[in-house]
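So you can see what is in the structure, the chains are spelled out below.
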Amino acid sequence: MKKKIVIANWKMNHDFHETTSFLRNLLKKIFEQKINHNKEIIIAPSFPFLHISNHILQGSPLKIAAQNIHQMDKGSYTGEVSASMLKSIGISKVILGHSERRKFFCEKNNILLEKIKIALKYGFNIIFCIGETYFERNKNQQFNVIKDQLKHTVFHFSENEIKFFHIAYEPIWAIGTGKSATYQQAQKMHEFIRSLFLKKYGENISNKISILYGGSINNFNAKDFFLQKDIDGGLIGNFSLNLENFLKIIYS
Ligand code: 13P
């Protein structure tokens, strides 16, 4: 059976002290509790703290991911961070396509395609986010929207490259609202997403690809999501910021 994956997306939260003490305490608690949570745990702190975070988790099974990369290799892009810079400090996972990046930073499919290419060039594992708006779901367009998002991004890549992806289904209306999708809604969408991978890449890849749910996961509803056949884990925002809450999600 596939290991469930729990990813903390801290977004623009936690300063140096909060980041380092969270990670040290997380390691300590997991070590002390000695309960087999059987999950792969990934934390995505802000850029300035990736190096120290990676250092703190070194030698543990926990991993660090970046929340973004620039689509170019290097050059005059003031304020941006490249894949090769991250690689040089030992980071090899990145979240791409998050709806907040699409909305606030105008990252359209063509830019995301370039970001994926550069991430693959440097051997990154990519957590690629897709999701529909409230308006689109209300009009029952969610399946077409998701199909389209995949068609114009992830589905450009070969079988060999797909092995570097996790997909995160994050309905935009559920992000940061406290109103998650029901686990039935999420399971239905995940089953659909898996069927698209089956059609495009065949059974082996569709079985293997991890499809995570994100959007108002908390310590009460996490278990229901993780029990679903096609939900391979969660991408957690708000409830990953507090250590006690995050631990409860890990042990769900
Ligand atoms: P929340 O868990 O705060 O809804 O955020 C989800 C998310 O955007 C994770 O990437």
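Residues numbered from 1 in each chain as written. Predicted model: local features only at pLDDT ≥ 70, side-chain atom pairs only at ≥ 80, totals over all residues. Heavy atoms only, no water.

**Examining the site of the ligand**
Taken together, 13 residues sit near the ligand, with Lys11, His98, Glu170, Gly176 and Ser216 positioned nearest. Contacts to the ligand include Lys11, whose side-chain N or O atom sits 2.7 Å from an oxygen atom. Protein burial of the ligand: of its 310 Å² of free accessible surface, 98% is covered by the chains. Tallied by class, the residues present in the shell around the ligand amount to 4 nonpolar, 7 polar and 2 charged. (Near = heavy atom within 4 Å. Polar contact = N/O pair within 3.5 Å; in protein donor to acceptor, adjacent residues only side chain to side chain. Areas by Shrake-Rupley, 256 points an atom, 1.4 Å probe, with all protein chains shown as cover. Nonpolar A, V, L, I, M, F, W, Y, C, P; charged D, E, K, R; others polar.)

**What about the environment of Leu112?**
Residue placement: Leu112 occurs in helix H5 (residues 109-121). A relative accessible area of 0% places Leu112 in the buried class. (Helix = DSSP H or I, 4+ residues; strand = E, 2+ residues; numbered from the N terminus. Buried < 20%, exposed > 50% of the residue type's maximum accessible area, 1.4 Å probe, protein only.)

**Here we look at helix H7 (residues 142-151)**
Those residues of H7 lying buried are Gln142, Val145, Ile146, Gln149 and Leu150. Down the axis of H7, the buried set is contained in an arc of 130 degrees. They therefore lie on one face. Opposite the buried face of H7, by more than 90 degrees, sit the exposed residues Asn144 and Lys151. Each element contacted by the buried residues of H7 is listed here: helix H4 (99-104), strand E5 (125-130), helix H6 (134-138), strand E6 (165-169) and helix H9 (183-201). (Arc of directions from axis to C-beta. Contact = heavy atoms within 4.5 Å.)

**Digging into the pattern of salt bridges**
All told, the structure shown has 12 salt bridges when counted by the stated rule. Note that Lys115 and Glu107 form a salt bridge whose closest N and O atoms lie 2.8 Å from each other. The residues Lys115 and Glu107 share a single accessibility class, namely buried. Close ionic contact of Arg137 with Glu132 constitutes a salt bridge, the shortest N to O distance being 2.7 Å. (Salt bridge = Lys/Arg side-chain N within 4 Å of Asp/Glu carboxyl O.)

**Observations regarding the sheet that holds strand E7 (residues 210-214)**
Strand order across the open sheet formed by 8 strands is E3-E2-E1-E8-E7-E6-E5-E4, with parallel pairing between neighbours. Looking at strand neighbours, the two that pair on one side only are strand E3 (63-64) and strand E4 (93-96), the edges of this open sheet. Sheet topology note: the E4/E5 ladder contains 4 bridges and is parallel. Following the sheet pairing, Val94 is matched in E5 by Ile126. H9 contacts E5, E6 and E7 of the sheet and is inclined by roughly 150 degrees relative to E7. (Pairing = 2+ DSSP bridges. Axes fitted to C-alpha atoms, helices over the stretch in contact; angles between N-to-C directions.)

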